[in-house]
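Here are the chains, one letter per residue:
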Amino acid sequence: MSLHHHAHLQRELRAVDARLKTLDAPTPDGHGDDADRLVAREAHEGQVLNRAALLERQGLIQAALEKITAGTYGQCEACGYPIEAKRLAATPEVRLCLIDQTRAERNARRMGPRLDMTSDDEAYLG
Ligand SMILES: [Zn+2]
């Protein structure tokens with residue numbers, strides 16, 4: 001089973017590398033009128049975001065490959081139980097089981113400006 005995932009991860013890693021290389025191509029700059037430059041800049045900003053997402057994915061894939069070597073691949077990082085096979089097949093670099101993934105996403109949404117200030121905080125702010 002991990003041999004199959006290993007091949008899948010290697011393939012994904014090569015695809016991510018290839019996309020990063022296309023993003024590394026120089027961005028046209030300093031030509032055309034303002035509208036052209038605006039379009040070029042927006043395209044570039046999109047590439048920066050893509051690049052960050054690709055680099056994150058690359059890190060996850062490399063971490064998953066290391067886990068295969070270590071023999072811990074397919075275990076949920078939060079609870080230690082095996083991650084659902086369907087999830088691994090769809091996203092081989094996945095780190096959490098469905099329950100913990102759902103919980104993590106719920107927690108991420110809850111983070112935001114704190115509205116529950118204590119009286120100590122209010123005293124401190126004067
Ligand atoms: Zn879990």
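Quick caveat, the model's predicted, so the values are computed rather than measured.

J.: Could you clarify how one ought to interpret the overall build of the protein in this entry?
T.: Within the protein, the regular secondary structure consists of 5 helices and 0 strands. Ordered by position from the N terminus, the helices and strands of the protein form the series α-α-α-α-α. With 126 residues in all, the protein has 10% of them scored as buried. The contacts in the protein between residues at least 6 apart in sequence include a share of 55% that link residues at least 24 apart.

J.: What am I meant to see in the nonpolar core here?
T.: With 5 residues, the main nonpolar core is built from Leu9, Val16, Ile61, Ala64 and Tyr73. Looking at this core, the elements with two or more residues in it are α1 (2-23) and α2 (34-70). Excluding its chain neighbours within four sequence positions, the residues that come into contact with Leu9 are Ile61, Ala64, Leu65, Pro92 and Glu93.

J.: I keep staring at α2 and nothing clicks. Help me out?
T.: Compared with the 54 Å implied by 1.5 Å per residue over 37 residues, the 53 Å span of α2 between its first and last C-alpha is a close match. Within α2, only 2 of the 37 residues are buried, which leaves the element largely exposed. Just downstream of α2, Gly71 is the residue with a positive phi angle, here 80°.

J.: Whenever I open this one, the environment of Thr22 confuses me. Can you help?
T.: Within the secondary structure, Thr22 is located in helix α1. Here Thr22 falls in the exposed class, since 9 other C-beta atoms lie within 10 Å of it.

Reading the values: rules and limits
- Sequence order as written defines the numbering, with residues in each chain counted from 1.
- A pLDDT threshold of at least 70 governs which residues receive local features in this predicted model, and a stricter bar of 80 or more applies before side-chain atom pairs are shown or counted, although totals over entire chains, interfaces and linings include all residues.
- A run of H or I in DSSP counts as a helix once it spans at least four residues, and a run of E counts as a strand once it spans at least two, with each numbered from the N terminus.
- Exposed residues have 12 or fewer other C-beta atoms within 10 Å of their own C-beta, buried residues have 20 or more, and partly exposed residues fall in between, where C-beta atoms are placed from the backbone.
- We call two residues in contact whenever the C-beta atoms placed from their backbones are within 7 Å.
- Note on definitions: a nonpolar core is a set of buried residues drawn from Ala, Val, Leu, Ile, Met, Phe, Trp, Tyr and Cys, linked by C-beta atoms within 7 Å.
- What a helix is expected to span follows from its residue count: subtract one and scale by 1.5 Å.

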